[in-house]
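Now for the letters of each chain:
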Amino acid sequence: MDIVLAKTFLEIMSTGTFMEAARKLNITQTAVTTRVKNLENQLNCKLFVRNRSGAQLTREGEVFSTYALTLVQTWQKAQAQLKFPMNLTESIHIGADITLWNPIMVEWLEQITQALPNINIHVEIDHTEGLVKQLKANKLDAVVVHQPNYFSGLVVEQVVEEKLVHVRSTTSASPYLLIDWGSEFKSQLEAVFPLSRQATLSFNLGPLALKYILKKGGNGYFRTRVIEQHINSGQLERVTGSPEFAYPIFVIYRADNNKEILPRIITCLNQSFNNTSSWEI
């Protein structure tokens, strides 16, 4: 079957109208209509019902949607596979939340390339929501995040326990730095400190906040593995009596992922946590 027809079908399903699908595909609406009629003739059924609100899937269209997505994804993977250098045999697509790319992704990649030198690796760095969206669309094989999304069809495994602890500079304990470690941390912090804490500085990236506190001073919550070496060197110290918050790391992958190398990729991830020397940020 012409893969273009499947792509057109998916674009209409995604946008909800023939007109918007035509715009995104950069073709005329007449061309979109012709493609749908061609597809319906091949399948011998009606796929869409068009009305004032747009285009809605029929029962047959809903059934076909899964197959259309599989067709397009299989085609795309085949194209990618044919582009591999001769010495590469398989591919893996992995991702990490933007707060975890260094050093976790770096260490993970090192473990994979040592254990599986003949595979093609694609890496995505994004916020958790974006990574899970790509995972559900079968564009990624596994992702590493702090706050997992428990969707049907996804497997969530904790790979390491970590905490957020309150530390301060040994040279200057002020100002208080508020770091955005996600909605769950924010809720826990507000539950412990009902009155809003006054933050002179706020950050949405922990590594940047750490660089600031090491250079200029201050106090705030940071990941245990990251600040351990700075405590040992005397640059930072724990704030006695402050609460600690769980901040574990999870790996998520599709339950129906049948790649034979996926278990080995997960093993490489677990092994990467044995090396903590590069947890600098």
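Just so we're clear, the structure is a prediction, and the values are computed from it rather than from any experiment. Within each chain, residue numbers correspond to sequence positions counted from 1 in written order. Per-residue local features of the predicted model are confined to residues with pLDDT of at least 70, and side-chain atom pairs are confined, for both listing and counting, to 80 or more; whole-chain, interface and lining totals are unaffected and use all residues. Side-chain metrics rest on all non-hydrogen atoms present in the structure, leaving aside hydrogens and water.

Enquirer: Honestly, the layout of surface pockets in this entry has me stumped. Any pointers?
Expert: If a probe as big as a water molecule is rolled over the atoms, it shows which places are left empty. In this analysis, the protein atoms alone were mapped onto a 1 Å grid. Cavities are point sets where a 1.4 Å probe fits without being able to get out; pockets are open sets with protein on both sides within 12 Å along at least five of seven lines; lining residues have an atom within 4 Å of a point. Grid points are joined across faces, edges and corners, and a volume is the space filled by probe spheres set on the points. When its volume is computed, the second largest pocket comes out at roughly 410 Å³. Lining the second largest pocket are 16 residues, and of these D97, H127, Q147, W181 and G182 lie nearest its centre. As a working rule, the residues Ala, Val, Leu, Ile, Met, Phe, Trp, Tyr, Cys and Pro are called nonpolar, Asp, Glu, Lys and Arg charged, and the rest polar, with Gly in that last group. Its residues placed into classes, the lining of the second largest pocket shows four nonpolar, nine polar and three charged.

Enquirer: Hey, could you run me through the pairing of strand β7 (residues 163-169) in this one?
Expert: Put simply, side chains in a regular strand alternate between the two faces of the sheet. Throughout this description, buried means an accessible area under 20% of the type-specific maximum (1.4 Å probe, protein chains only), exposed means over 50%, and partly exposed covers the range between. Secondary structure elements follow DSSP: runs of H or I no shorter than four residues count as helices, runs of E no shorter than two count as strands, and numbering proceeds from the N terminus. Judged by how many residues are buried, β7 sits mostly within the fold: five of seven residues are covered. Here, a strand pair is defined by DSSP locating no fewer than two bridges between the strands. As paired elements, β7 and strand β12 (residues 245-246) share two bridges and run antiparallel to each other. Within the sheet, the bridge partner assigned to L164 lies in β12 and is F245. Pairing of β7 with strand β10 (residues 219-223) involves five bridges; the strand directions are antiparallel. The residue of β10 that forms the bridge with V167 is G220. Here three bridges tie β7 to strand β11 (residues 236-238), and the two strands are oriented antiparallel to one another. The residue bridging V167 from the neighbouring strand is R238, located in β11.

Enquirer: Is there a simple way to explain the pattern of salt bridges in this structure?
Expert: Close approach of charged atoms lets side chains of opposite charge pair. We define a salt bridge as a contact between a side-chain nitrogen of Lys or Arg and a carboxyl oxygen of Asp or Glu at a distance within 4 Å. Per the counting criterion, the structure on display carries seven salt bridges. E60 is the partner of R59 in a salt bridge, and the nearest nitrogen-oxygen pair spans 3.5 Å. A relative accessible area of 58% means that R59 is categorised as exposed. A relative accessible area of 32% means that E60 is categorised as partly exposed.

Enquirer: Help me understand the packing of helix α1 (residues 3-15) against helix α3 (residues 29-43) in this model?
Expert: Axes here refer to lines fitted to C-alpha atoms; in helices the fit is confined to the stretch in contact. Angles between the N-to-C directions go from 0 to 180 degrees. Remark: α1 packs on α3, axes separated minimally by 9 Å, with the N-to-C direction vectors making an angle of 115°. In terms of orientation, α1 lies roughly perpendicular with respect to α3. The handedness of the crossing between α1 and α3 is left-handed. In this structure, α1 contributes V4, L5, T8, F9 and I12 to the contact, and α3 contributes V32, R35, V36, N38, L39 and Q42. By definition in this entry, angles of less than 35 degrees are roughly parallel, angles greater than 145 are roughly antiparallel, angles of 65 to 115 are roughly perpendicular, and the rest are oblique. Each crossing gets its hand from how the near helix is turned against the far one by less than a right angle, where anticlockwise is left-handed and clockwise is right-handed. In what follows, residue pairs with any heavy atoms lying within 4.5 Å of each other are defined as contacts.

Enquirer: What am I meant to see in the sheet that holds strand β13 (residues 249-254) here?
Expert: Adjacent strands of a sheet form backbone hydrogen bonds with each other and so pair up, either parallel or antiparallel. Read across the sheet, five strands follow the order β4-β3-β5-β13-β6 without closing on themselves; strand pairing throughout is mixed. Looking at which strands have only one partner, the edges of the open sheet turn out to be β4 (119-126) and β6 (154-160). Put simply, the sheet's adjacent strands are angled 20° from each other on average, direction ignored. Taken together, the six bridges between β6 and β13 define a ladder with antiparallel strand orientation. Its bridge partner lying in β13, L154 is registered against R254.

Enquirer: How do you make sense of the environment of G95 when you look at a structure like this?
Expert: Along the chain, G95 turns up in strand β3 (residues 90-97). Beyond its immediate stretch of four places on either side in the chain, G95 contacts M105, W108, E124, L131, A142, V143 and V144.

Enquirer: Looking at this structure, I do not really get helix α5 (residues 101-115). What am I missing?
Expert: Residue pairs spaced three or four apart in an α-helix point in one direction, given the helix's 3.6 residues per turn. To estimate the expected span of a helix, subtract one from its residue number and multiply by 1.5 Å. Spanning 15 residues, α5 covers 20 Å between terminal C-alpha atoms, matching the ideal 21 Å at 1.5 Å per step. Within the span of α5, buried status applies to P103, I104, M105, E107, W108, Q111 and I112. Buried residues belonging to α5 abut β3, β4, β5 (142-145), β13 and α10 (262-272).

Enquirer: Please clarify how the environment of Q29 should be interpreted in this entry.
Expert: Along the chain, Q29 turns up in helix α3. Overall, the relative accessible area of 31% leaves Q29 in the partly exposed class. Residues Q29 and N149 lie 120 residues apart in sequence; the distance between their C-alpha atoms is 38 Å.

Enquirer: Explain unusual backbone geometry to me, please; I cannot follow it from the model alone.
Expert: With an omega of 5°, the peptide bond between S174 and P175 qualifies as cis. At N26, a position not held by glycine, the phi torsion is positive, near 60°. With respect to the helices and strands, N26 occurs in the loop between α2 (18-25) and α3. When its relative accessible area of 70% is taken as the criterion, N26 is described as exposed. Phi angles above zero are rare outside glycine, and N44 is one such case at about 60°. Among the secondary structure elements, N44 is positioned in the loop between α3 and β1 (48-51).

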